[in-house]
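Spelled out from the first residue to the last, the chains are:
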Amino acid sequence: MGLQRFEGRLERMVDGTLSKAFRGDLHPVEIGRRLTREMDLQRRVGVHGLISPNAFVVHLSANDFDRFESFLDALVRELEQAARDHARTENYVFVGPVTVSVMEDPRQRRGRFEIVSDVHEGPAGLPAASVVTADGNRVVLGPEPLTLGRLPESSVMITDPNASRRHAEIRRVGNDVVVVDLNSTNGTRVNGAPIRERKLVDGDQIVIGTTVLRFETS
């Protein structure tokens, strides 16, 4: 399912005709399939579950790198999301943010590529956690709390008129991540339910006014 979404997004990204544009050549979906297979092969048992690689380097031939260069940034974002989707499907755990980089490799022949994966810990060696805004921006949670509100200096600034200046905070408590309402005027909801403090799990929706944020363990 994750790879189907990945392929669909790629088709919309590249003129909607990837199957024609890459006929007979390396198709970006092949990279996505190889990346998720690499996650399966390199997973290992950790304290909190199956740990998957979260740092990937894709080695392309000079010819393929040139063909992909015009949409390379978008491809990297889609590959990172494909990794997150696959981890969610397989219940894999990341110990740091997901990163994908694509580089030109003179050792690779046209149509051939290699993916090198590794496990990179997040800030201060803490489990991966991030907040995704409505426009797709991702804010990684480090050892310090993330502040949510209308103040410009907030970690996640929310322009919603129903948000308070200092509305809520997302912080670590041991290995858990919790969201805490900071006595806001209109309250904070998680998955539709009003909260004062609540432990977050992957995929939870934090709602402030009409603004929806998504919590992800990646």
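As shown above, the structure is provided for reference.
Residues numbered from 1 in each chain as written. Predicted model: local features only at pLDDT ≥ 70, side-chain atom pairs only at ≥ 80, totals over all residues. Heavy atoms only, no water.

Colleague: Explain helix α5 (residues 72-90) to me, please; I cannot follow it from the model alone.
Modeller: Residues three or four positions apart in an α-helix share a direction because the helix packs 3.6 residues into each turn. The end-to-end C-alpha distance of α5 is 27 Å, a good match for the 27 Å that 19 residues give at a rise of 1.5 Å each. Most of α5 is tucked away, with 14 of its 19 residues classed as buried. Looking one or two places after α5, you find N91, whose phi comes out positive at around 60°. (Helix = DSSP H or I, 4+ residues; strand = E, 2+ residues; numbered from the N terminus. Expected span 1.5 Å × (residues − 1). Buried < 20%, exposed > 50% of the residue type's maximum accessible area, 1.4 Å probe, protein only.)

Colleague: Would you mind going over the layout of surface pockets with me for this structure?
Modeller: To locate leftover empty space, one rolls a probe as large as a water molecule over the atoms. What the largest pocket holds in volume is close to 710 Å³. Forming the walls of the largest pocket are 32 residues, and the residues nearest its centre are H48, V93, F94, P127 and T217. If you list the elements that add at least two residues to the lining of the largest pocket, you get β1 (44-46), β2 (49-51), α5, β4 (92-93) and β12 (176-181). Considering every element that reaches the lining of the largest pocket, the biggest residue donor is α5, with 3 residues. A breakdown of the residues in the lining of the largest pocket according to their chemical character gives 16 nonpolar, 8 polar and 8 charged. The volume enclosed by the second largest pocket comes to roughly 210 Å³. Residue lining of the second largest pocket: R77, E80, Q81, R84, V132, G136, R138 and R214, and that is the complete set. The greatest single-element share of the lining of the second largest pocket, amounting to 4 residues, is contributed by α5. Grouping the constituent residues of the lining of the second largest pocket by class yields 1 nonpolar, 2 polar and 5 charged. (1 Å grid on protein atoms, 1.4 Å probe; cavity = no way out; pocket = protein on both sides within 12 Å on 5 of 7 lines; lining within 4 Å. Points joined across faces, edges and corners; volume = space filled by probe spheres on them. Nonpolar A, V, L, I, M, F, W, Y, C, P; charged D, E, K, R; others polar.)

Colleague: Explanation requested: the sheet that holds strand β17 (residues 211-216) in the structure shown.
Modeller: Strands pair in a sheet through their backbones, by hydrogen bonds, and they do so in one of two ways: parallel or antiparallel. Strand order in the open sheet formed by 6 strands is β8-β7-β17-β16-β13-β14, with antiparallel pairing between adjacent strands. Unpaired on one side and paired on the other, β8 (138-140) and β14 (193-195) mark the two borders of the sheet. Neighbour-to-neighbour, the strand axes of the sheet open up by a mean angle of 30°, direction not taken into account. Pairing geometry for strand β16 (residues 205-208) and β17, over 4 bridges, is antiparallel. Pairing of I208 across the sheet is with T211, part of β17. (Pairing = 2+ DSSP bridges. Axes fitted to C-alpha atoms, helices over the stretch in contact; angles between N-to-C directions.)

On their own, these measurements won't tell you what the molecule is for.
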